[in-house]
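As a plain string of letters, each chain reads:
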Amino acid sequence: MSDVDPQLILLRRQYLQLFEPDFLAWPPPKHLKDTDVQKWLYKNLFDQSRNPTLPPDRYQMRVLKQLVNKIEKAIEDPDQDEISDEIMTCLTSFMSRGVSSEYDAALEKAYVTFTCIPEASNLSAGYEDAPDPTITLLERRHLISGSRTTGFRTWEASLHLAAYLLSRDGARLVGDKNILELGAGTGFLSILLARHLKAKHVTSTDGDEGVIKSLRENLALNDLEDSEQVRTEVLRWGHHLTSTWVDDDCTTHPYDVVIGADITYDKIAISALVSTLQGLFDMRPELTIIIAGVVRNADTFQTFRDECASHQFTVEDVNFDPKPIRQQKALFYAAAVPIKIVSITRS
């Protein structure tokens, strides 16, 4: 298949991001029964020898079962069409050796691969010649650590902020700039900035040491473990920043932009967060701070705005709405609950 059907590319992007199998965007049945399409699907979705960072076995088996079921329904003449031996052998192998229980699978690390292209881009028709720019992470999709951190998976606000940063306006904001990330979690945004958005330097922080350890593993997965372009450190909000590593780092790499996603959900932590923003403004008065958050609780988000106002910060909404999930072509995330991006400067 020299020219790959855009629907296949979309399916693969969703699959590698562990999109819920029941909502995958499958190609039409007449395509699924095509021999070349089935070969492509096996090669790009299930062949471990070609794809060392595939989704976990349990997820693969769920998708394989759906695929086989859809092909069976599409076949009208068994003498002319059939399910490929590769696909059937793969499914049989999963079923014979067994996969993790749903509970165990929820606790295991899983590879998740995100496609990092602007939403305005067309789906490529020449996939074999021009593979997608991606970020692959190891995530614990359902784990929240004992310290109540949610940093072991990439959440919707991070994906929405990434979509904005991949837009023309967002890329202009961070290109060739020194960036500090607060609450970096898996490191998805920091890796995006370093690998695909040409940031000059990225300082990636989180308040949980376990999360920072996992973040460093993800840097290694994306060939950034020895890069002088990225620094990772533990940063707990609410403490003075003068005469600390932050002060030294800001002197070496004067921060132009601070970003944070899904860091305003806990009303208890908002005062400490805004105190840290105040300390950063004291070091860099011309700083721009970009915060994205899912507005699960309007009162909590308003508390954040009010706290910023009490410190004489100017908070402005960034006009960038998420696309409905069926219109998303690369980064896939639910948009049923409002997701806000705000830009903060000091008055």
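The following paragraphs examine the structure supplied in this document.

Criteria and cut-off values
Residues numbered from 1 in each chain as written. Predicted model: local features only at pLDDT ≥ 70, side-chain atom pairs only at ≥ 80, totals over all residues. Heavy atoms only, no water. Pairing = 2+ DSSP bridges. Helix = DSSP H or I, 4+ residues; strand = E, 2+ residues; numbered from the N terminus. Axes fitted to C-alpha atoms, helices over the stretch in contact; angles between N-to-C directions. Contact = heavy atoms within 4.5 Å. Parallel < 35°, antiparallel > 145°, perpendicular 65-115°, else oblique. Left-handed = near helix turned anticlockwise from the far one by under 90°. Nonpolar A, V, L, I, M, F, W, Y, C, P; charged D, E, K, R; others polar. Buried < 20%, exposed > 50% of the residue type's maximum accessible area, 1.4 Å probe, protein only. Arc of directions from axis to C-beta. Polar contact = N/O pair within 3.5 Å; in protein donor to acceptor, adjacent residues only side chain to side chain. Phe/Tyr/Trp six-rings, centres within 6.5 Å; stacked < 30°, edge-to-face > 60°.

1. Observations concerning the sheet that holds strand β4 (residues 201-206)
Strands sit in the order β5-β4-β3-β6-β7-β9-β8 across an open sheet of 7 strands; the sheet is mixed. Both outer strands of the open sheet, β5 (230-234) and β8 (313-317), are each paired with one neighbouring strand and no more. Mean inter-strand twist for the sheet, computed between neighbouring axes without regard to direction, equals 20 degrees. Both strand β3 (residues 178-182) and β4 contribute to a ladder of 4 bridges, which runs parallel. Across the sheet, Glu181 pairs through a bridge with Ser204, a residue of β4. Strands in contact with helix α12 (residues 267-283) are β3, β6 (257-261), β7 (288-294), β8 and β9 (339-346); relative to β9, the strand with the most contacts, it is inclined by about 40 degrees.

2. Let's talk about the packing of helix α4 (residues 57-74) against helix α5 (residues 85-97)
The relative placement of two packed helices is expressed as an angle between their axes plus a distance between the axes. Between α4 and α5, whose axes approach to 10 Å, the crossing angle comes to 135 degrees. Between α4 and α5, the crossing angle belongs to the class labelled oblique. Here α4 runs over α5; the crossing is left-handed. The residues of α5 that touch α4, namely those facing Asp57, Gln60, Met61, Leu64, Lys65, Leu67, Val68 and Ile71, are Ile87, Met88, Cys90, Leu91, Phe94, Met95 and Arg97. Of the residues assigned to the contact of α4 with α5, the class counts are 11 nonpolar, 1 polar and 3 charged.

3. Side note on helix α11 (residues 245-252)
Each α-helix turn comprises 3.6 residues. Residues three or four places apart therefore point the same way. Among all positions in α11, only Trp245, Val246, Asp249 and Cys250 are buried. Summarising the axial view, the buried residues of α11 lie within an arc of 130 degrees, below the 170-degree limit, and thus occupy one face. In this structure, α11 carries Asp248, Thr251 and Thr252 as exposed residues pointing more than 90 degrees from its buried face. The inward-facing, buried residues of α11 contact β4, β5 and α12.

4. A closer look at the side chain of His160
Position of His160 relative to the elements: it lies in helix α7 (residues 156-166). Within the structure, His160 has its side chain in polar contact with the backbone oxygen of Phe320 (distance 3.0 Å). With near-sequence residues (within four places) excluded, His160 lies in contact with Phe320, Asp321, Pro322, Tyr333, Ile339 and Ile341.

5. Observations concerning the packing of helix α1 (residues 6-16) against helix α3 (residues 35-46)
At a minimum axis separation of 11 Å, α1 and α3 run at an interaxial angle of 25 degrees. Here α1 is positioned roughly parallel relative to α3, judged by the angle of their axes. For the pair α1 and α3, the crossing hand works out as right-handed. Between α1 and α3, the contacting residues are Leu8, Ile9, Leu11, Arg12 and Tyr15 on the first element and Val37, Trp40, Leu41, Asn44, Leu45 and Phe46 on the second.

6. Observations regarding the packing of aromatic side chains
Per the counting criterion, the structure on display carries 7 aromatic pairs. Consider the rings of Phe114 and Phe188, whose centres lie 4.8 Å apart with planes at 50 degrees: the pair is tilted. Here Phe114 is found in strand β1 (residues 110-115), whereas its partner Phe188 is found in helix α9 (residues 188-195), with 74 residues between them in sequence. We note that Phe114, like Phe188, is buried.

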